[in-house]
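For reference, the chains in residue letters:
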There are 2 protein chains.
Amino acid sequence: MKPLHTLSATEALSLLTARHITSEALVQACIDQIQQYEPHIQAWQYWDAQAALRAARASDAARAAGQAIGKLHGLPIAIKDNMDTADMPTTYGSALYANHQPQRDATVVAMLRAEGAIILGKTVCTEFAYFTPGATRNPHRICHTPGGSSSGSAAAVAAGMVPLTLGTQTNGSVIRPAAFCGVLGYKPAAGLIPREGILDTSHTLDQVGFFARTVDDLEWLAHCLNPALPVNTSLPMSALRIGVLQSDLLAHASPAILALLEATQEQLHQHVRAVTTVSLDTLHGLANQHHRTIMQAEMAQALAHEREIASDHQPLSHALCELMDAGAATTAVAYLDALRAREPLAQRIAQLLEPCDVLLMPSTPGAAPEGLSSTGSPIFCSMVSLLGWPAVHVPLGEDAQGLPLGLQLVVRPGHEIALAGAARLLMQCAQREEGAPIAAMAY
Amino acid sequence: MKPLHTLSATEALSLLTARHITSEALVQACIDQIQQYEPHIQAWQYWDAQAALRAARASDAARAAGQAIGKLHGLPIAIKDNMDTADMPTTYGSALYANHQPQRDATVVAMLRAEGAIILGKTVCTEFAYFTPGATRNPHRICHTPGGSSSGSAAAVAAGMVPLTLGTQTNGSVIRPAAFCGVLGYKPAAGLIPREGILDTSHTLDQVGFFARTVDDLEWLAHCLNPALPVNTSLPMSALRIGVLQSDLLAHASPAILALLEATQEQLHQHVRAVTTVSLDTLHGLANQHHRTIMQAEMAQALAHEREIASDHQPLSHALCELMDAGAATTAVAYLDALRAREPLAQRIAQLLEPCDVLLMPSTPGAAPEGLSSTGSPIFCSMVSLLGWPAVHVPLGEDAQGLPLGLQLVVRPGHEIALAGAARLLMQCAQREEGAPIAAMAY
């Protein structure tokens, strides 16, 4: 059998159901991996090995006693630290909340517990899920950013510390760290996963997402949190129509990403019904502009209290203050212009996508940049966050430095089966039938 | 039989169904009334007697031929001129759109036609459904305002020109003209009546409403446009719990309105289970402030194009420019603060209303003011528009000058049966079992 910490969530759940493994052993394997690598990676804001092991033993006992068990029974999961947990502190990535203990679980956390998941801990989140990094490093090269804002959630999955984590995306906070850390990241369509008890930074844009090493795991978790989302899907590849992004913003992609986009496009030709180009031209940049206007205004409003309670001793970051200043200077009319432009823009883009099932595009301009002071550019994520459409990052290879490279798949809401099908196909093309590899951590 | 133009909509529909009257005769009676009084009242922006009579004859023929007929078959109805009609011009109350001919019916207009209603014409609306009056006069005293912005819709029903009209309310545009013209006005809960094809002035606050002379008519029309809204309801009066508004803003009510509120309260004691006071204190004024912030920002954004195309020759009114300037000066953060305050405020007010089924409060500070340059104060309507709750104006009497006086009933969404029950009870208390009287027009 594979080492337990390398199992995917669905593999682990099958083995748990068959009683070939115990939750305690599985959780212990995750803990061992965390204990070995956490000093280097710092993916965890909070975790409690003893509490997790107690919960795992209780889970095993419940199963042995034939008690009702949930869809995630005994599976360790980690939660981004912008989601409230009643039994663990929640810092929202800010020193202002260093000692903050929520009274109630976020709805998603309560749902996970109800399905029997073991909440292993809280993963590091950038300051208020915006731009300013926490301590987390990229498991592939610790002098490179893991991306953000769901930095710890992506890094923990990449490092084999836990098979499944939750994150959020307002701009690029799921897709980008997934890309930099070389794992699968999935942001379901806006509004499908409950946000109660999650830090509200932008009512219009905040969306919940997931990190995993297989497409099955992403589908399963999404289905557990919203039964309307499809699970165990399969799609004849020969029916799939892939659209490849063409837009002004591709000028920002690195040669490595452009080469990957082209190579992938050529590989796909052999498998699918059609590969065509989807020209968004200036619509892409326009979407990013509207996204910026909405995000800065909503974050200025949502975090006004945090700015008030900040002090010289515990200041907000310069980047966040700058964003909030821009938000404070935004007029209601400019904000509403951007908000009202969203629906017609979505309709135009949907129309351009009509001949395709799935849009293939970069997730990031390139591999994870060196340095830990920035989380990298969200330029290829903002449009999808604005539209609120489902998106998956698929890890496809490494650059010469060993840093992960991959691409983003996007669909219109309701086309989740095509999204999962295309993601599986890309994984196969990259000879990754068994999922994204765990980072080779030779520190 | 009563003169046909004095029939309520439901009376007329019964007689049409029984073939005791024809649609042609009914429409002709309305046309006669319009022809006699329109020169004084000017309720109509556009109407077409010949087209209406043709439609009525076709309606009669369809009925005689046993064809499928709708819930409003053969009934004349008028539409506020901010709702698009494919066969009649639509001016939105502005000279900028004097010759505007929409291509499509607004959804509500299409729904009325599908139910067999005869669209008699378009009723005068203030400039872009805001403050600056059109030509309409109060049928009770033509030197007094009819209120606005649904000026013509209220005046036409009060003058017996048509039994049923559609209007909209963003601030006080249904309840206030109903009060000044002495008819029933009903604004269902926000979001229940489709707004496609109606001038968008404030996405958050725009709501559709109706004018009639009986509660039955209001219920029937609401049900025709949204089958989820109850119809033919009845409620044992002995079960009803009435709350009477207490708030800082009552200082703005005239002695006549305060006396009516007190007298009505005393009358109600004899009929209902309980009459209590509901103290909103400063919440009422706070709601009005939030309403103002949202309305000015959204109108500045929604009417920006109109301001652009306005000219010295065809200017926007001073009042509208002032509002839009205030809207343009509103920051996104202030706007979002107001928007986000709405839900918790609604929850607090709902909690205060918990011991009651219906809230009784003024509709307006007093009877219709003299003069045609203003449509009067919406001070007692803004809160309900902000909350988006169902409200009815009930005409209850006249002041010494013969101008109508009445009161407003408000419920939480979903309590429409109590709202109709309370409205019927108030009509009975005012000895108006047969509905609001048609204005005595001695011009």
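Bear in mind that the values here come from a model prediction, so they are computed numbers and not experimental data.

J.: How should the overall build of chain A be read in this particular structure?
T.: What chain A contains, in helices and strands, is 14 helices and 11 strands. Taking 2.2 N^0.38 as the reference for a compact globule, 443 residues should give roughly 22 Å; the C-alpha atoms of chain A span a radius of gyration of 20 Å, in line with that estimate. In terms of overall dimensions, chain A has C-alpha extents of about 60 × 60 × 40 Å along its principal axes. Here chain A holds 443 residues, and the buried ones make up 61% of them. For chain A, the proportion of contacts with a sequence separation of at least 24, taken over those separated by at least 6, is 78%. With the model as given, the accessible surface of chain A reaches about 15,800 Å², and the carbon-plus-sulfur share is 52%. Positive and negative side-chain charges of chain A, numbering 26 and 38 respectively, have mean locations separated by a distance of 4 Å.

J.: How should the interface of chain A and chain B be read in this particular structure?
T.: The extent of an interface is frequently quoted as the accessible surface area lost upon association of the parts. If you look at the interface, chain A gives 15 residues, while chain B gives 15 residues. Taking both sides of the interface into account, the surface hidden between chain A and chain B amounts to around 1,300 Å²; carbon and sulfur atoms contribute 62%. There are zero salt bridges connecting chain A and chain B. Run the count over chain A and chain B and you get four residue pairs in polar contact (both at pLDDT 80 or more). Elements represented by at least two residues in the side of chain A that touches chain B include exactly α9 (282–302), α11 (318–328) and α12 (332–353) of chain A.

J.: Can you help me understand the UniProt feature "domain: Amidase" (unreviewed entry) in chain A in this one?
T.: The positions UniProt marks with the feature "domain: Amidase" (unreviewed entry) are residues 26–417 of chain A. Measuring from the first to the last C-alpha atom of residues 26–417 of chain A gives 30 Å, for a span that is 38% helix and 17% strand.

J.: Is there a simple way to explain the packing of helix α7 (residues 215–225) of chain A against helix α14 (residues 416–429) of chain A in this structure?
T.: A pair of packed helices can be characterised by two numbers: the angle between their axes and the separation between those axes. All names here are of chain A. Look at α7 against α14: their axes get within 10 Å of each other, and the N-to-C directions meet at 160°. Judged by the inter-axis angle, α7 sits roughly antiparallel to α14. Side by side, α7 and α14 meet where V215, D216 and E219 of the first sit next to A420, A423, R424 and M427 of the second. Tallied by class, residues from the contact of α7 with α14 come to four nonpolar, no polar and three charged.

J.: What's the story with the side chain of B:D217 in this structure? I'm lost.
T.: Residue and element names in this part refer to chain B. Structurally, the position occupied by D217 is in helix α7 (residues 215–225). This buried residue, D217, is left without a salt bridge; R213 holds the nearest opposite charge, at 6.5 Å. A distance of 2.6 Å separates the side chain of D217 from the backbone nitrogen of A9, its partner in a polar contact. Filtering out sequence-adjacent residues up to four positions away, D217 remains in contact with S8, A9, T10, P163, L164 and A212.

J.: Would you mind going over the domain arrangement of chain A with me for this structure?
T.: Residues and elements named next belong to chain A. According to the domain assignment, chain A contains domain 1 (4–225) and domain 2 (238–429). Between the C-alpha centres of domain 1 and domain 2 the distance comes to 22 Å. Contact with domain 1, which involves 52 residues of that partner, is made by 62 residues of domain 2. Interface area, domain 1 with domain 2, both sides summed: about 4,600 Å², of which 62% is carbon and sulfur. Our enumeration of links across domain 1 and domain 2 arrives at two salt bridges.

J.: Explanation requested: the packing of aromatic side chains in the structure shown.
T.: Where two aromatic rings form a pair, the distance of their centres and the angle of their planes describe that pair. Counted by the stated rule, this structure contains 13 aromatic pairs over all chains. Both rings, one in B:W44 and one in B:W47, keep their centres 6.4 Å apart while their planes meet at 45°; by these two values the pair is tilted. A ring pair is formed by B:Y97 and B:F128, whose centres lie 6.0 Å apart and whose planes are at 90°; its orientation type is edge-to-face. On the criterion of sequence distance, the pair formed by B:Y97 in the loop between β2 (76–80) and α4 (107–114) and B:F128 in the loop between β3 (118–123) and α5 (151–158) is long-range, its members being 31 residues apart. Overall, B:Y97 belongs to the buried group, its relative accessible area being 14%. B:F128 sits in the buried class, given a relative accessible area of 0%. Among the aromatic residues, ring-to-ring pairing joins A:Y92, A:Y97 and A:F128 into one connected group.

J.: I'm lost on the sheet that holds strand β6 (residues 207–212) of chain B in this one. Help?
T.: The strands that make up a sheet are held in pairs by hydrogen bonds between backbone atoms, and each pair lies either parallel or antiparallel. All names here are of chain B. The strand order across the open sheet formed by 11 strands is β1-β3-β2-β4-β6-β5-β10-β11-β9-β7-β8, and the pairing between neighbours is mixed. Among the strands making up the open sheet, the edge pair consists of β1 (44–47) and β8 (274–281). Shown here is a sheet whose adjacent strand axes are inclined to one another by a mean of 30°, direction ignored. Where β2 and strand β4 (residues 165–169) come together, two bridges link them in parallel fashion.

J.: Before we go on, may I ask you to explain the state of the cysteines in this structure?
T.: Think of a disulfide as a covalent bridge from one cysteine sulfur atom to another cysteine sulfur atom. Using the criterion set out here, one finds zero disulfides over all chains in the structure. There is no disulfide at A:C224, and the cysteine sulfur nearest it, in A:C30, is 17 Å away. Judged by its relative accessible area of 6%, A:C224 falls in the buried class. Counting only cysteine sulfurs, B:C181 is the nearest neighbor of B:C143, a cysteine outside any disulfide, at a range of 13 Å. When its relative accessible area of 35% is taken as the criterion, B:C143 is described as partly exposed.

J.: How should the relation of the copies chain A and chain B be read in this particular structure?
T.: Two copies of one chain are present, and they are related through a rotation about an axis combined with an axial shift. Of the two same-sequence chains, chain A is brought onto chain B (RMSD 0.0 Å, axial shift 0.0 Å) by a rotation of 180°. One copy is carried onto the other by what is essentially a two-fold rotation axis. Most of the interface of chain A is mirrored in chain B, where 100% of its interface residues are also at the interface.

J.: When you look at the pairing of strand β4 (residues 165–169) of chain A in this model, what are you seeing that I'm missing?
T.: As a general feature of sheets, a regular strand has side chains that alternate between the two faces. β4(A) sits mainly inside the fold: five of its five residues count as buried. Side-chain alternation along β4(A) places A:T165, A:G167 and A:Q169 on one buried face and A:L166 and A:T168 on a second face that is also buried.

J.: Hey, could you run me through the sheet that holds strand β8 (residues 274–281) of chain A in this one?
T.: All names here are of chain A. Strand order in the open sheet formed by 11 strands is β1-β3-β2-β4-β6-β5-β10-β11-β9-β7-β8, and the pairing between neighbours is mixed. With partners counted over all chains shown, the strands left at the sheet margins are β1 (44–47) and β8, one partner each. Strand-to-strand twist in this sheet, taken as the mean axis angle between neighbours without regard to direction, amounts to 30°. Lying on the sheet, α14 is in contact with β5 (184–187), β7 (241–247), β9 (358–362), β10 (391–398) and β11 (404–410); it crosses β10 at an angle near 5°.

So, how was this worked out
- Residues numbered from 1 in each chain as written.
- Chains lettered and ligands numbered in written order.
- Predicted model: local features only at pLDDT ≥ 70, side-chain atom pairs only at ≥ 80, totals over all residues.
- Heavy atoms only, no water.
- Helix = DSSP H or I, 4+ residues; strand = E, 2+ residues; numbered from the N terminus.
- Rg over C-alpha atoms; globule rule 2.2 N^0.38 Å.
- Buried < 20%, exposed > 50% of the residue type's maximum accessible area, 1.4 Å probe, protein only.
- Contact = heavy atoms within 4.5 Å.
- Areas by Shrake-Rupley, 256 points an atom, 1.4 Å probe, with all protein chains shown as cover.
- Lys, Arg positive; Asp, Glu negative; His and termini not counted.
- Charge placed at Lys NZ, Arg CZ, Asp CG, Glu CD.
- Buried area = accessible area lost by both parts, 1.4 Å probe.
- Salt bridge = Lys/Arg side-chain N within 4 Å of Asp/Glu carboxyl O.
- Polar contact = N/O pair within 3.5 Å; in protein donor to acceptor, adjacent residues only side chain to side chain.
- UniProt positions renumbered as here; feature names shortened; annotations may be inferred.
- Axes fitted to C-alpha atoms, helices over the stretch in contact; angles between N-to-C directions.
- Parallel < 35°, antiparallel > 145°, perpendicular 65-115°, else oblique.
- Nonpolar A, V, L, I, M, F, W, Y, C, P; charged D, E, K, R; others polar.
- Domains from an automatic or database assignment.
- Phe/Tyr/Trp six-rings, centres within 6.5 Å; stacked < 30°, edge-to-face > 60°.
- Pairing = 2+ DSSP bridges.
- Disulfide = S-S within 2.5 Å.
- Least-squares fit on C-alpha atoms with pLDDT ≥ 70 in both.

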